[in-house]
Amino acid sequence: MNLISISDLSRKQIIEILDSADSFRDRRGKYSEMVLSGKSLAMIFEKPSTRTRVSLEVAFRELGGHALYLSAGELQLGRGETIADTARVLSRYVHGITARVVSHNTISQLSENASVPVVNALSDLEHPLQILADLMTMRQRFGRLEGLKIAWVGDGNNVCNSLILSSAIMGMSISVASPPSYKPKAQILEKAKSLGGRIRLFIEPTDAAKNADVVSTDTWVSMGDEADEAERLRVFGRYQINANLMELASENAIAMHCLPAHRGQEITDEVIDGPQSAVFDETENRLHTAKAVLAWLMK
Ligand code: CP
Ligand code: NVA
């Protein structure tokens, strides 16, 4: 089994993973959890990372295993060895592979050619590990997922795509506000609809945020989008989670952001550091959900 898209998981499997993540959180530091003792994990990174790299490495270590950070540029991959051969070779050494890739096609090729579980640690299309942490955070705050109203404000990017799919799987509705040229991908919207998703697309952030339980966003300029930075900064100006926008959401609404944040752009200091922010719980939950996923796939 691999985790390439969040939609690789059923509702039941997501709940199992979230329950396990809750238990890892409660037991952390009190009990030894060496369920992956003697196992090794290859972590390939084609792009920078703080949270994903550290949470995976610490998670794997606390489960008794050894994780190897492999910068793609320092592998023979950077000199033209194929993805397929890299997947076959690593499968002879390690018990699992995670990869953060520029193109989603790379993670698909890795998973097709590896004989050990492969986990998407972010591609241009999806970020399933992030979304498991987001779901854990929402469940902590509201005690449930079903029926929650999610608002996404900003770029219809990888994180947004996985959030849309997870909303469909978990019975949440989602309203996405993005500039017309930065809507979520049609293939994601179709897939989410086929899973029963209730998705509404807006142009104005205020329309999406109205009565929402969760208001979430991400950078205006994702890794790989730097060439369009000037245009993006111009177009995304009003796609910001600020106190005025949070006023429109439900009384107990929370603000979320996968981080890294560009404070003063997509989110204000006032919100990210304020009482409605769930951002740093969300970031902590990357660790607990990473453990749950790794144990689930590799035990
Ligand atoms: N949220 C997230 O994936 O952060 P990193 O890019 O630091 O891993
Ligand atoms: N959308 C962002 C997420 C970073 C965690 C990116 O792809 O750069």
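Calculation criteria
- Residues numbered from 1 in each chain as written.
- Chains lettered and ligands numbered in written order.
- Predicted model: local features only at pLDDT ≥ 70, side-chain atom pairs only at ≥ 80, totals over all residues.
- Heavy atoms only, no water.
- Phe/Tyr/Trp six-rings, centres within 6.5 Å; stacked < 30°, edge-to-face > 60°.
- Helix = DSSP H or I, 4+ residues; strand = E, 2+ residues; numbered from the N terminus.
- Buried < 20%, exposed > 50% of the residue type's maximum accessible area, 1.4 Å probe, protein only.
- Lys NZ or Arg CZ within 6 Å of the ring centre and 35° of its normal.
- 1 Å grid on protein atoms, 1.4 Å probe; cavity = no way out; pocket = protein on both sides within 12 Å on 5 of 7 lines; lining within 4 Å.
- Points joined across faces, edges and corners; volume = space filled by probe spheres on them.
- Nonpolar A, V, L, I, M, F, W, Y, C, P; charged D, E, K, R; others polar.

Draft legend 1. Seen up close, the packing of aromatic side chains. According to the stated counting rule, one finds four aromatic pairs in the structure shown. On the basis of an interplanar angle of 25 degrees and a centroid distance of 5.3 Å, the ring pair of Phe45 and Tyr69 is categorised as stacked. Taken together, the residues span a long stretch of sequence, with Phe45 in strand β1 (residues 40-45) and Tyr69 in strand β2 (residues 66-71) at a distance of 24 residues. Judged by its relative accessible area of 3%, Phe45 is buried. When the centroid spacing of 5.9 Å and the interplanar angle of 75 degrees are considered together, the rings of Phe236 and Tyr239 count as edge-to-face. Residue class for Tyr239 comes out buried when judged on its relative accessible area of 1%. Cation over ring: Arg27 sits above Tyr31, and NZ or CZ is 4.3 Å from the ring centre. Positioned over the ring face of Tyr69 is Arg53, at 3.7 Å from the centre of the ring.

Draft legend 2. Structural context of the layout of surface pockets. A volume near 650 Å³ is recorded for the largest pocket. Along its surface, the largest pocket is lined by 36 residues, and Asn157, Asn158, Ser222, Met223 and Asp225 are the ones closest to its centre. For the lining of the largest pocket, the secondary-structure elements that each account for two or more residues are α2 (51-62) and α6 (158-170). Its residues assigned to classes, the lining of the largest pocket shows 11 nonpolar, 13 polar and 12 charged. For the second largest pocket, the calculated volume is near 150 Å³. As for the second largest pocket, its lining consists of Lys149, Ile150, Ser173, Ile174, Ser175, Arg198, Arg200, Asp207, Ala208, Lys210, Asn211 and Ala212. Examining the composition of the lining of the second largest pocket, we find that three residues originate from one element, strand β6 (residues 173-177), more than from any other.

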